[in-house]
Every structure is written in structure tokens, then in C-alpha cells.
Amino acid sequence: MAKPVSVEVWNPNGKYRVISTKPMPGTRWINLLIEQDCRVEICTEKKTILSVEDIIALIGNKCDGVIGQLTEDWGDTLFAALSRAGGKAFSNMAVGYNNVDVNAANKYGVAVGNTPGVLTETTAELAASLSLSAARRIVEADEFMRAGLYDGWLPHLFVGNLLKGQTVGVIGAGRIGSAYARMMVEGFKMNLIYYDLYQATRLEKFVTAYGEFLKSNGEQPVYWKRASSMDEVLREADVISLHPVLDKTTYHLINKERLATMKKEAILVNCSRGPVVDEVALVEHLKQNPMFRVGLDVFEDEPFMKPGLAEMKNAIVVPHIASASKWTREGMATLAALNVLGKIKGYPIWGDPNQVAPFLNENAPPPAACPSIVNAKALGLPVSKL
Ligand SMILES: NC(=O)c1ccc[n+]([C@@H]2O[C@H](COP(=O)([O-])OP(=O)(O)OC[C@H]3O[C@@H](n4cnc5c(N)ncnc54)[C@H](O)[C@@H]3O)[C@@H](O)[C@H]2O)c1
Ligand SMILES: O=C(O)[C@H](O)CO
């Protein structure tokens, strides 16, 4: 028998039982569920990552929907348990859903939600922060200062890279990759080279217009190029940021061979998913190339780092915080709750998961729709006409 899991209960007499596997920021998401007759149970277990058994115990015999986290393994076992309990809705509190077996969810008729859009700028800002911190060696310099080693200005002290006029490379120019590209191009007057399976037309138009603006101002314009291969980006860019989804095609996209094709003084940033980079190969590359720098928000075996990474002065490492701004995290909680609520209430699916602003307006009730259900088509769910 699974061990009981501690929960905090809101609106005990609510008709629909909705579980959140973690406390989430803000209260709007709780209020929205309560207003629609949900009993909300929030898991308060101290352990950070819940096991499949913990979640089965949470689901119990009657559960209408679950809001879960990217650290959980949502496969056949959990979707079967949810389905047995009468549940038809699950939402990750994340845009990435590589922890979810969508085919298994389809098999049990469970809708799978995610939280796009609300975290685009926040995540891009962290990628930009890591790019700057790596270029200007901010973490190393901070450690040096705190260690009491600063004894006066020197011409060679912590010399880094100037971004202006260099080339930023983006792999995966979707929502976040494009937002990051715009920040780096506009903020630092960098040229852009990108690789994606699809053309990023709006991004191209933005860089063209900005280049024309700079030219009309008598300044050096900026340029863009859509690369025909990822290797072209790796060879040509000075700063490369990874923003693809994690799937079979992007696992170990950056490996030993590809690292070797990058410039010796390049900067690599990863705010997508850890396994996009072969971390063992990366540690070796950092050892062999002290001028090569990385900024990492995500790791191959989270929460662990591969041996040697923590000792590398040319690596900046932060604990998967790219979407961690208050507004974004509260918004993610709201979108995840509304995905689950919408499915329970039989609402249609919002027409454009990139335009989620109406769900985030605290001064108006949210639309009667599920903001983003990734398997809507497979389940034949209707799309909102709103
Ligand atoms: N570190 C964090 O906290 C954090 C926060 C948000 C998102 N993420 C990650 O970022 C990912 C991207 O989020 P998004 O909202 O920009 O998604 P998105 O779907 O808008 O963008 C992903 C892009 O990757 C491209 N792509 C897919 N396969 C590719 C390949 N083999 N080569 C090159 N490009 C490929 C797609 O065409 C798409 O344009 C998420 O799936 C998630 O894993 C991480
Ligand atoms: O995919 C996501 O949304 C992140 O990794 C957490 O914000």
C-alpha cells in the first residue's frame, strides 16, 4: 500500500477534486478553481521530487484532474491511475512536456496541458543574463572580489568579450529563441544566425527593420541569416543559445564533435533542457578550452551535475530558474489550473496558445476555454471560436 501523502485542502465540499502536486505561486489559480466548484488539494510533502507511487497515492480513488511538475514522470502508470480515478485532465506547470508520455495520455483519453507564452520573455531574459555574465566573466569576478583578492585596477583583470558587432546564434527560434534573439540584436547590436526547422519570418523582419534603423542613424547595421544546418551556426556564431524542444531529434544535439567545430572563445548558453547537451563532452571541452565559456540553467541529470562541471571557472551554473519571475510563475500556475478546469468543465481549446494574455488579466474573468492542450487534435477536442 502506498504511503499517504500530506495535503492542504481548499473548499472541501467542492464537486470536482483537483490535485496540485506542489504548492504554486499566487492564489489566483486556487480562487479560479474554487469559484468553479473544485475541491483543491495541494501536496505539502517536503521532498522536492515526487515519485510515481507518491502521485498514485495523491490521486486516490476519485480525482478529476491533476496539475503536475516537470520533475515528475507522467507515463502509462500515472495516466492509468488518473483514468481509473475518473480523471480526464492533466497539466504540466511548464511549457516543456518531455516528462509526459503524450501517447499514454491519448490512450486513456486524458488531455495534457502546458503553459506557453507567459514565460517567453522571462526565460529569454535569463538566457541573455547568462550570455552577458559569461561574456563579461561576472561570476568569476564576483568570487574574486568576495575572496578579498582585489588589490587594485589592472589592464588585464577579467578581460572578457565585447558583444557589439559579434554574431549571436540561436538554435530553435520558436517563442523563447526568437525573444532572446531580439534582445541580443537590439540590446547589443549583434548580428543573428539561426537554425530552426521552420522559418522565423517575424524575427527576420525585426532584424531587417532594426538594421535599417541603425543605418539611417549613421550606425553599422545588423544582419540576419537563416542557416541551412545547425553546424553552420556552431561554426559562425560567437554566442550560441539553445532553445529547441527536447525530443529524439535534439537529444545530445551538442556533442563532442560539434563542440570541436565551435570557435575557441565561443559562449554556449542552455536554457532549454539538459539532455540537449552531452554534458560529459562539455566538461571535457571546458577543460581543454579555458576561453570557451558556458551558461547553464539546465543539466543532463537534474538536479545533479556531471563530475567536474562544478569546478570549471569557465562555467556559470544556475538551478533551472529561467522562468522564475513572480509574474511568470503566478501566470504559469493560472494557465495550468485553467487547462485542467477547462477540460473538467467541457470548455473548448483556446485558438492560439501563443496569445494567452486574456487568461492572465487579473481584472477580468478568464475566457471559458483551455489555454493550451497539446493533444487536443489527437483527442478530437473542439477549438474555441472566441
Ligand atoms: N529553462 C527553463 O526554465 C525553461 C523555460 C521555458 C522553456 N524551456 C524549454 O524551452 C523549450 C522551448 O520553448 P518555446 O516556448 O520557445 O517552444 P517553441 O515550440 O515555441 O520553440 C521550440 C522551437 O524548437 C524548434 N525545433 C524543434 N526541433 C528542432 C531541431 N531538431 N532543431 C532545431 N530546432 C528545432 C521548433 O521548430 C520550435 O521553433 C521548451 O520546450 C522547454 O523545454 C525551458
Ligand atoms: O519548460 C518549462 O516551462 C520550464 O523548464 C520551467 O519553466
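Since this is a predicted model, take the numbers as computed values, not measurements.

A. Inspection of the overall build of the protein at higher detail. Across its full length, the protein holds 14 helices and 13 strands. Here the protein has a C-alpha radius of gyration of 23 Å; the compact-globule value for 386 residues is 21 Å, and the two agree. With the principal axes as the frame, the protein shows a C-alpha extent of 70 × 45 × 40 Å. Here the protein holds 386 residues, and 52% of them are scored as buried. Partitioning the intrachain contacts of the protein with sequence separation of at least 6 by distance along the chain shows that 67% fall at a separation of at least 24. Charged side chains in the protein number 41 positive and 41 negative. The centres of these two groups are separated by 4 Å.

B. Seen up close, the site of ligand 2. Neighbouring ligand 2 are Leu-70, Ala-94, Val-95, Gly-96, Leu-119, Arg-273, His-320, Ser-323 and Met-332. The separation between an oxygen atom of ligand 2 and a polar main-chain atom of Gly-96 is 2.9 Å. Side-chain polar atom of Ser-323 to an oxygen atom of ligand 2: 2.6 Å apart, as the coordinates give it. Looking at the shell around ligand 2, its residues break down into 5 nonpolar, 3 polar and 1 charged.

C. Spotlight on the sheet that holds strand S3 (residues 38-43). On the basis of which strands lie adjacent, the open sheet formed by 6 strands has the order S1-S3-S2-S4-S5-S6 and mixed pairing. Both edges of this open sheet fall to strand S1 (7-10) and strand S6 (111-113), since each of them pairs with a single strand only. Across this sheet, the average inter-strand angle for adjacent strands is 20°, counted without regard to direction. By the bridge criterion, 4 bridges tie S1 to S3 in an arrangement that is antiparallel. In the strand pairing of S3, Val-7 is matched with Cys-43.

D. Focus on the site of ligand 1. Residues in close proximity to ligand 1 total 26 residues, the closest being Arg-175, Ile-176, Asp-196, Cys-271 and Asp-297. For ligand 1, an oxygen atom lies 3.3 Å from a polar atom in the side chain of His-320. When ligand 1 sits alone it has 860 Å² of accessible area, and the protein chains cover 89% of it. Residues of the shell around ligand 1, tallied by class, amount to 12 nonpolar, 10 polar and 4 charged.

E. Here's a closer look at the side chain of Glu-204. Within the secondary structure, Glu-204 is located in helix H8 (residues 201-216). Buried within the structure, Glu-204 lacks any salt-bridge partner; its nearest side chain of opposite charge belongs to Arg-226, at an N-O separation of 5.4 Å. For Glu-204, the side chain forms a polar contact with the side chain of Tyr-194, separated by 2.5 Å.

F. Local environment of a nonpolar patch on the surface. Together, Met-145, Tyr-150 and Trp-153 give the surface a local cluster of nonpolar side chains, amounting to about 420 Å² of exposed area. Within the fold, Trp-153 resides in the loop between helix H6 (138-146) and strand S7 (167-171). Judged by relative accessible area, Trp-153 falls into the exposed class, the value being 70%.

G. Here's a closer look at the pairing of strand S5 (residues 89-92). Side chains Ala-89 and Ser-91 project from S5 onto one buried face, and the interleaved Phe-90 and Asn-92 project onto a second face that is buried too. In the sheet, strand S4 (residues 65-68) pairs with S5 via 4 bridges, with the strands oriented parallel. Directly across from Val-66, in S5, lies its bridge partner Phe-90. Assessed by its sense of winding, the connection that carries the chain from S4 through helix H3 (residues 76-84) to S5 is right-handed.

H. Local environment of the UniProt feature "domain: D-isomer specific 2-hydroxyacid dehydrogenase catalytic" (unreviewed entry) in the protein. UniProt records the feature "domain: D-isomer specific 2-hydroxyacid dehydrogenase catalytic" (unreviewed entry) at residues 35-346, using the numbering of this structure. Helix makes up 39% of residues 35-346 and strand makes up 14%, while its end C-alpha atoms are separated by 16 Å.

I. The arrangement of the sheet that holds strand S10 (residues 239-242) in detail. Reading across from one edge, S9-S8-S7-S10-S11-S12-S13 is the order of the 7 strands in this open sheet, with parallel pairing throughout. One side of each edge strand has no neighbouring strand; the edge strands of this open sheet are strand S9 (224-226) and strand S13 (315-317). Here the average twist between neighbouring strands, direction ignored, is 15°. Strands in contact with helix H7 (residues 175-188) are S7, strand S8 (191-195) and S10; relative to S7, the strand with the most contacts, it is inclined by about 175°.

J. Inspection of the nonpolar core at higher detail. Grouped together as the largest cluster of nonpolar side chains are 64 residues, with contacts concentrated most on Trp-29, Leu-33, Ile-67, Val-168, Tyr-180 and Leu-192. Apart from the residues lying within four places of it in its own chain, the contact partners of Val-168 are Tyr-180, Met-184, Val-185, Met-190, Asn-191, Leu-192, Ile-193, Ala-237 and Val-239. In this structure, Leu-246, Ile-254, Leu-268 and Leu-309 belong to the second largest nonpolar core, which totals 29 residues.

K. Representation of the side chain of Asn-314 in the model. Mapped onto the elements, Asn-314 comes out in the loop between strand S12 (293-296) and S13. Setting aside anything within four residues of it in sequence, one finds Asn-314 in contact with Leu-286, Asn-289, Pro-290, Phe-292, Arg-293 and Val-294.

Cut-offs and rules
Residues numbered from 1 in each chain as written. Chains lettered and ligands numbered in written order. Predicted model: local features only at pLDDT ≥ 70, side-chain atom pairs only at ≥ 80, totals over all residues. Heavy atoms only, no water. Helix = DSSP H or I, 4+ residues; strand = E, 2+ residues; numbered from the N terminus. Rg over C-alpha atoms; globule rule 2.2 N^0.38 Å. Buried < 20%, exposed > 50% of the residue type's maximum accessible area, 1.4 Å probe, protein only. Contact = heavy atoms within 4.5 Å. Lys, Arg positive; Asp, Glu negative; His and termini not counted. Charge placed at Lys NZ, Arg CZ, Asp CG, Glu CD. Near = heavy atom within 4 Å. Polar contact = N/O pair within 3.5 Å; in protein donor to acceptor, adjacent residues only side chain to side chain. Nonpolar A, V, L, I, M, F, W, Y, C, P; charged D, E, K, R; others polar. Pairing = 2+ DSSP bridges. Axes fitted to C-alpha atoms, helices over the stretch in contact; angles between N-to-C directions. Areas by Shrake-Rupley, 256 points an atom, 1.4 Å probe, with all protein chains shown as cover. Salt bridge = Lys/Arg side-chain N within 4 Å of Asp/Glu carboxyl O. Patch = residues over 30% accessible without salt bridge, like charges linked within 9 Å, V, L, I, M, F, W, Y side chains within 5 Å. Right-handed = clockwise from strand over helix to strand, strands pointing away. UniProt positions renumbered as here; feature names shortened; annotations may be inferred. Core = buried A, V, L, I, M, F, W, Y, C linked by side-chain atoms within 4.5 Å.

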